[in-house]
Amino acid sequence: MFRKPKEQNHKNEKDNKNNNSPKNKDKKKQRKKVFKYKDKQRKSRLAGCLVKLILLALCLYGGYKAVYPYYQTWQRQQELLKKRPAVKKASDGTSTSAAWHSLKVFHQNLEKNYSFLYQAAYETPSATKVGRDFIVPGLVATDSYDYQQKKLTTSRDMTPQGIAVVQNYLLITAYDGGHRHASVIYVLDKKTGKFLKTIRLSGKPHLGGIAYDSKGMQIWVTSSKDGQSALATFSLAKLIEYVASAKKTDSLVYDQEIPITKMAKASALCYYADQLFVGYFNDEGRGKVSSYKIARNGQYKNSITTSEISSVDESISWSDPDGSTSMNKQIQGIAISGDKIFLSQSYGGGDSKLYIFPITAINNLDEKNATQVVRFPPYLEQITAYQGQLICVFESGSRQYARDSITVMDRTLSVNISALLNNN
């Protein structure tokens with residue numbers, strides 16, 4: 001009965017001796033090394049997974065930070081869209097209804113957020129109703145040549161830029177914010193604001209400025225040619241003919257396109273006293289403005305000569321970054337009326353500014369020399385003076401910029417100049 005335990009004890013003693021043998025000790029060491037190596041690999045894999053998770057979290061957060069502002073803009077536009085008036089279109093596919101607000105809401109927003117401007121526009125007698133609350137057409141839909149699909153398609157991103165009174169018309173320029181469609185000029189009846197025609201142009205220029213030379217009966221626009229800034233022009237007669245008989249597929253052909261070699265990006269434009277004042281928009285540094293005399297006889301009658309461009313380009317003094325006659329950046333429009341010069345400034349979603357200067361400051365339009373600065377809604381673009389009124393167009397009505405956190409201006413605004421000057 002007692003032999004088995006003894007045998008078992010004897011066996012255990014034998015096993016212990018075997019375990020303590022040099023051969024078994026080596027095996028143990030080898031197993032420990034393998035275990036440590038595997039443990040190290042496991043920890044390395046865990047660390048790698050942790051790093052990947054951290055990187056993934058950072059990417060997701062970065063993506064969220066990058067995408068969320070766009071989502072917010074989209075969300076705010078959806079809120080505006082709920083209040084959009086019923087869409088109406090002309091026979092050529094151009095939308096003719098207000099893009100975002102009824103006239104009542106338009107007035108309420110302006111009075112609430114810019115009370116002085118509201119008073120100058122609506123509570124001060126005006127000599128003309130031209131440009132007063134005219135709906136900017138085409139903001140919801142404009143049929144124009146699509147350079148991707150090589151045919152006419154509908155743009156929903158037209159962005160207003162320039163404005164000018166031309167005989168019986170009010171013209172508004174616009175470019176496609178999606179950079180697919182040809183730029184256009186909307187033609188309105190200047191007395192009623194009724195939409196008449198969409199002029200389709202060749203190319204996709206920004207069309208930041210438009211002006212009318214009433215003596216030469218020429219319409220001028222800022223454009224581009226062969227990668228350079230340019231001034232393009234067409235006659236009043238051509239405008240009238242286009243409005244009367246052009247087909248939807250017709251593009252207006254300019255009479256002239258004149259490169260301006262020393263100005264990187266011509267944008268603002270104004271006609272005054274036989275001169276074209278051309279402004280250069282700059283979103284980082286100081287801008288430039290130069291003037292070109294219009295010839296009234298000879299080969300270049302009612303145009304500007306090559307020698308005139310060269311002489312001015314070689315000696316641009318107004319707003320030259322290297323000189324003392326600088327003007328603040330982000331200038332969008334220029335207008336001259338009586339003894340005053342007006343410059344509109346805007347960039348981004350903050351308030352725009354209207355700088356008012358005496359005409360004696362023509363060669364030194366630095367902002368410190370402005371006699372007045374008036375606060376305007378965001379995205380103010382070109383301004384034009386007409387019969388004692390300052391007519392303004394805004395790009396905030398474009399789908400690119402419209403949102404419920406700003407005062408969206410989907411109509412033109414006409415402000416009494418005398419009332420602006422009394423803002424003390």
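The structure displayed is predicted, hence computed values, not measured ones.

A.B. asks: I tried to follow the overall build of the protein on my own but got confused; where do I start?
C.D. replies: Across its full length, the protein holds seven helices and 20 strands. Relative to its 424 residues, the protein shows a buried fraction of 47%. Considering only contacts within the protein whose residues lie at least 6 apart along the sequence, 56% involve residues at least 24 apart.

A.B. asks: Explain the sheet that holds strand S11 (residues 266-272) to me, please; I cannot follow it from the model alone.
C.D. replies: Ordered in space as S11-S12-S13, the three strands form an open sheet in which the pairing is antiparallel. The open sheet terminates on both sides in strands that have one partner only, identified here as S11 and strand S13 (288-293). Between one strand axis and the next, the sheet turns by 20° as a mean value, whatever way the strands run. Alignment of strand S12 (residues 275-280) against S13, held across six bridges, turns out to be antiparallel. Bridge pairing in S13 links tyrosine 280 to lysine 288.

A.B. asks: Can you help me understand the sheet that holds strand S3 (residues 158-166) in this one?
C.D. replies: Note: strands within a sheet are paired through backbone hydrogen bonds, in either parallel or antiparallel orientation. Strand order in the open sheet formed by four strands is S3-S4-S5-S6, with antiparallel pairing between adjacent strands. Strand pairing shows two members of the sheet lacking a second neighbour, S3 and strand S6 (195-200), which therefore form its edges. Strand-to-strand twist across the sheet, computed as the mean angle between neighbouring axes with direction ignored, equals 20°. Across five bridges, strand S5 (residues 184-189) lies against S6 in antiparallel orientation. The partner of tyrosine 186 across the bridge, within S6, is threonine 198. Along the sheet face, helix H5 (residues 236-245) touches S3, strand S4 (169-176), S5 and S6 and points at about 110° away from the line of S6.

A.B. asks: Would you explain helix H4 (residues 115-122) in this entry?
C.D. replies: Helical geometry: 3.6 residues make up each α-helical turn, so side chains three or four residues apart lie on a common side. For H4, the set of buried residues is Leu117, Tyr118, Ala120, Ala121 and Tyr122. Contact partners of the buried residues in H4: helix H3 (103-113), strand S17 (372-376), strand S20 (413-416) and helix H7 (417-421).

A.B. asks: Just checking my understanding: could you explain the pairing of strand S1 (residues 142-146) for this structure?
C.D. replies: In summary, the side chains of a regular strand alternate between the two faces of the sheet. Along S1, four of the five residues are buried, which leaves the element largely enclosed by surrounding structure. Bridging between S1 and strand S2 (residues 151-155) involves five bridges; their strand directions are antiparallel. When the sheet's bridge partners are listed, aspartate 143 is paired in S2 with threonine 154. Linkage of S1 to S2, two consecutive antiparallel strands, is achieved through a turn of four residues, within which lysine 150 is found at a positive phi near 60°.

A.B. asks: What am I meant to see in the packing of aromatic side chains here?
C.D. replies: Both the distance between ring centres and the angle between the ring planes are used here to describe each pair of aromatic rings. Enumeration according to the criterion identifies five aromatic pairs in this entry. When the centroid spacing of 4.9 Å and the interplanar angle of 85° are considered together, the rings of tyrosine 145 and tyrosine 147 count as edge-to-face. In this arrangement the basic side chain of arginine 84 is found over the ring face of tryptophan 100, its NZ or CZ atom lying 4.5 Å from the centre. Here the guanidinium or amino end of arginine 411 rests over the ring plane of phenylalanine 106, the centre of that ring lying 6.0 Å away.

A.B. asks: How should the side chain of lysine 197 be read in this particular structure?
C.D. replies: Secondary-structure assignment places lysine 197 in strand S6. Separated by 2.8 Å, the side chain of lysine 197 and the backbone oxygen of alanine 246 make a polar contact. If sequence neighbours within four positions are ignored, lysine 197 has contacts with Ile185, Tyr186, Val187, Tyr242, Val243 and Ala246.

A.B. asks: How should the pattern of salt bridges be read in this particular structure?
C.D. replies: Side-chain pairs of opposite charge can arise where the charged atoms are in close proximity. Taken as a whole and assessed by the stated rule, the structure comprises nine salt bridges. When the shortest N-O distance is used, the salt bridge between aspartate 157 and arginine 399 registers 2.9 Å. Here arginine 399 lies in the loop between strand S19 (389-394) and S20 and aspartate 157 lies in the loop between S2 and S3, a separation of 242 residues in the sequence. Here the residues in one salt-bridge network are Asp213, Lys215, Asp274 and Arg296, joined through shared partners.

Conventions adopted
Residues numbered from 1 in each chain as written. Predicted model: local features only at pLDDT ≥ 70, side-chain atom pairs only at ≥ 80, totals over all residues. Heavy atoms only, no water. Helix = DSSP H or I, 4+ residues; strand = E, 2+ residues; numbered from the N terminus. Buried < 20%, exposed > 50% of the residue type's maximum accessible area, 1.4 Å probe, protein only. Contact = heavy atoms within 4.5 Å. Pairing = 2+ DSSP bridges. Axes fitted to C-alpha atoms, helices over the stretch in contact; angles between N-to-C directions. Phe/Tyr/Trp six-rings, centres within 6.5 Å; stacked < 30°, edge-to-face > 60°. Lys NZ or Arg CZ within 6 Å of the ring centre and 35° of its normal. Polar contact = N/O pair within 3.5 Å; in protein donor to acceptor, adjacent residues only side chain to side chain. Salt bridge = Lys/Arg side-chain N within 4 Å of Asp/Glu carboxyl O.

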